[in-house]
Amino acid sequence: MGDATKADEVEEFDQGRVFVGALPRGTEESEVRQQFEQYGEIADLTFPTRYDRKLEKKRGIGYAFVRYADTNDAQKAVDAGSGGLYLTTDETKEKQLVVQLAKVQKPRERKAPAEAGAGDDGDAEAGDRPKRRRRRGRKAGYEDEDAGGNADYQKIYQAIQSNFGRMTAEIKRLTEKVAALEAKIGDNTATDL
């Protein structure tokens, strides 16, 4: 199954489900429903939206999926779309729609884990995860927060607060010294005149 390429795979279509693309800007779900109800009973309509900040409301993102109760109705809609199906909204001019049977979504396969990952020293069992490397910049004396490392952070925080207090006092002392020197310089220039 993993040996087959995408070109070799045959696309499967969901016979009762129709993809409708190239919907004009500003199309509402009710407009899509009204357009496609004429081909048969709609069992489900998926109309993805996103919030538009400019308009301050949700609006369609350009496509929809219509599931019909009867597969023959879905084929009627596809046939009508291939003949040229148009939709007009208030915001845009008439626009031709893309109407086709929806493809079956296959479940995604999980990738197999790599044989050897970063930090793996080769002593792990076949199903074990590789060892994680220690992050750079971590000191040997620091513990994880879960294992009581919170106390270390409190010590660091107290040291920062203490240093901040000392630096503030030093800045205040230097500011006073600069002010005294400026006053002294100011007195000397006044006498020179």
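Further up the page is the structure itself.
Residues numbered from 1 in each chain as written. Predicted model: local features only at pLDDT ≥ 70, side-chain atom pairs only at ≥ 80, totals over all residues. Heavy atoms only, no water.

A short note on the sheet that holds strand β5 (residues 63-68)
Applied cut-off: Strand pairing is defined by DSSP finding a minimum of two bridges between the two strands. A run of H or I in DSSP becomes a helix once it reaches four residues, and a run of E becomes a strand once it reaches two; helices and strands are each numbered from the N terminus. The axes are straight lines fitted to the C-alpha atoms, using for helices just the contacting stretch, and the angles between their N-to-C directions are given from 0 to 180°. Residue contacts are defined here by distance: any two heavy atoms, one from each residue, within 4.5 Å place the two residues in contact.
Here we have 4 strands laid out as an open sheet, ordered β2-β5-β1-β8, and antiparallel in their pairing. Each edge of the open sheet carries a strand with a single partner, namely β2 (42-46) and β8 (98-103). Each neighbouring strand pair of the sheet contributes to a mean axis angle of 30°, computed without reference to strand direction. Packing of helix α1 (residues 29-37) onto the sheet brings it into contact with β1 (13-21), β2, β5 and β8, and relative to β2 it is tilted by some 145°. In the packing of helix α2 (residues 71-82) onto the sheet, contacts are made with β1, β5 and β8, and the angle to β8 comes to roughly 140°.

Section: α2
Heads up, the condition is: The span expected for a helix works out to 1.5 Å for each residue beyond the first. For the exposure calls, accessible area comes from a 1.4 Å probe over protein chains only, and a residue counts as buried if that area is under 20% of its type's maximum, exposed if over 50%, partly exposed in between. Directions pointing from the helix axis toward each C-beta atom define the arc.
Look at α2: 17 Å from first C-alpha to last across 12 residues, which is about the 16 Å you get at 1.5 Å a residue. The complete set of buried residues in α2 reads D73, A74, A77, V78 and G81. All buried residues of α2 fall inside an arc of 140° around its axis, so they share one side. In this fold, the buried residues of α2 make contact with β1, α1, β5, β7 (95-96) and β8. Immediately beyond the C-terminal end of α2, within one or two residues, lies G84, with a positive phi of roughly 110°.

Some details on the pairing of β1
Pairing of β1 with β8, which is carried by 6 bridges, proceeds in the antiparallel orientation. Paired with D14 across the bridge in β8 is A102. In this sheet, β5 lies alongside β1 in antiparallel orientation, the contact comprising 5 bridges. Each residue of the ladder has a partner; that of R17, found in β5, is R67.

Notes on the nonpolar core
Selection rule: Among buried residues, those of type Ala, Val, Leu, Ile, Met, Phe, Trp, Tyr and Cys that are joined through side-chain atoms within 4.5 Å constitute a nonpolar core.
Judged by nonpolar contacts, the single largest core of 20 residues is most densely connected at L23, V32, F36, V66, Y68 and L97. Put simply, the parts of the chain that give this core at least two residues each are β1, α1, β2, β5, α2 and β8. Excluding residues that lie within four positions of it along the chain, L23 makes contacts with V32, F47, G62, Y63, A64, L87, K95 and L97.

Some words on the environment of G84
Checked against the element boundaries, G84 lands in the loop between α2 and β6 (86-87). On the basis of relative accessibility, which here comes to 25%, the residue G84 falls in the partly exposed class. Sequence separation between G84 and K95 is 11 residues, and the spatial gap between their C-alpha atoms is 9.8 Å.

Some words on the pattern of salt bridges
Inclusion rule: For salt bridges, the criterion is a side-chain nitrogen of Lys or Arg within 4 Å of an Asp or Glu carboxyl oxygen.
Under the counting rule described, the total for this entry stands at 5 salt bridges. Between E29 and R33 there is a salt bridge whose closest N-O contact spans 3.8 Å. Placement of the pair is E29 and R33 together in helix α1, with a separation of 4 residues, close to one helical turn. Judged by its relative accessible area of 35%, E29 falls in the partly exposed class. Among the salt bridges present, the one from D73 reaches K76, with a minimum N-O distance of 3.5 Å. Taken together, the residues span about one helical turn, with D73 and K76 both in helix α2 at a distance of 3 residues. Relative accessible area serves as the criterion here: at 46%, K76 is assigned to the partly exposed category.

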